Structure formats: C-alpha cells, structure tokens
Amino acid sequence: MVLIKFPAVLCVAALLCEWVRFGLGCSGLLLCRSCGHEVAEDTDLRFVPSRLALSHRNDTVIGGKRVAVQLFENPQGFQFEVVTFKRADVLKHWPADSHFTWYPGHAWTVATCPRCKTHLGWAFQPSDWPRTVNREEFEGSDQTFVALIVDRLLQEHFASTLLMTPKSFRS
C-alpha cells in the first residue's frame, strides 16, 4: 500500500471537515503527518486559552463539539495554528524555557515526533517548576499541556482513506 502525503498547507478546516465527513467526532487518533506515528487521542483535547494568541476560533466537529484553534507567532515571524492537549506521545526536549512563551506563567520546550523527529509543537509546564521533569510528573499534573501544530497532524480515519491499493491487489 502507498500512503499519499499531503503538503503541510492543508489547513485545520480541511482536517476538521474530514472528521465530520467520516462521522468521527472525538473518537480517534491523531497521527504525525510525516510518518504516521500515533501522537494523540482527540479525547485528550484540552483548550488552554492565551491572551497572546493572534487569533482564536472554534471549529465545529460533529454533534456540536468544538475544537479551539489558536494562532501564534514566534520571534522569527513564523506563525503556527495550534490545538492544545492534556497529553500526547511526543519527545519533550528539556530543559524548559520561559522566554517568549505564548502562555504566561508557563515555560515551554520543543515537542517532536518520537519516530521521525518532526517538530510537532511544544510542551508547557508551570514556569516555577524545575526546568526538566519526567513523563509521570508532566502527565500527572493539571497544569501541563501540549500545543500541537494543526497542519502537522493527520486524523487516523482520514489517513486510512489515503491508502491506495496497487492494481495487482485489486480483484
């Protein structure tokens, strides 16, 4: 089977439209768009608002459920649309840094895919915590979260529709 990769410019609206189209709502896995690694469960979505977001919008999924998307800009001028999660299977590149944080009171560290090392977003923890924490401390706290870049994720059920069967396997 061949997996077709879409360019990273596929926007959040298209991703969410696929959730609705396939009647998935909040009941699936989100994959790394680069390699297909299972990164997060959409049941772990957790909106963490920031007054530093350039914009904020809610996108309706199915059954009236909403996903909050925030737009941020880093000091280099790159913009990212992110969705926040309670937890995600990402590598956190400690130590955490409180400079240029998008979430006041929180320090951040880069989060990458554990399989292909693609930059998927950032992990946030309270600024007054030690600069390095273990996975249990991070995931066990209500004060921590992960902000993942929307166009670097792919919904599992949508990904399965992209699989093409070679002609030799067709009946």
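Right above here is the structure, for reference.
Quick look at the structure, then.

Conventions adopted
- Residues numbered from 1 in each chain as written.
- Predicted model: local features only at pLDDT ≥ 70, side-chain atom pairs only at ≥ 80, totals over all residues.
- Heavy atoms only, no water.
- Pairing = 2+ DSSP bridges.
- Helix = DSSP H or I, 4+ residues; strand = E, 2+ residues; numbered from the N terminus.
- Axes fitted to C-alpha atoms, helices over the stretch in contact; angles between N-to-C directions.
- Buried < 20%, exposed > 50% of the residue type's maximum accessible area, 1.4 Å probe, protein only.
- Polar contact = N/O pair within 3.5 Å; in protein donor to acceptor, adjacent residues only side chain to side chain.
- Contact = heavy atoms within 4.5 Å.

It is worth spelling out the sheet that holds strand 3 (residues 38-41) at this point. An order of 3-2-11 is seen for the three strands of this open sheet, with the pairing classed as antiparallel. Looking at which strands have only one partner, the edges of the open sheet turn out to be strand 3 and strand 11 (153-155). Strand after strand, the sheet turns through a mean of 35° between neighbouring axes, direction not considered. The sheet contact formed by strand 2 (residues 29-32) and strand 11 spans three bridges and is antiparallel. Across the sheet, the residue bridging to L30 is Q155, located in strand 11.

A few words on the side chain of S50. Structurally, S50 can be placed in the loop between strand 3 and strand 4 (55-60). For S50, a relative accessible area of 12% corresponds to the buried category. At 2.3 Å, the side chain of S50 forms a polar contact with the backbone oxygen of W102. What S50 contacts, discounting residues up to four positions off in sequence, is Q70, F72, W102, Y103 and P104.

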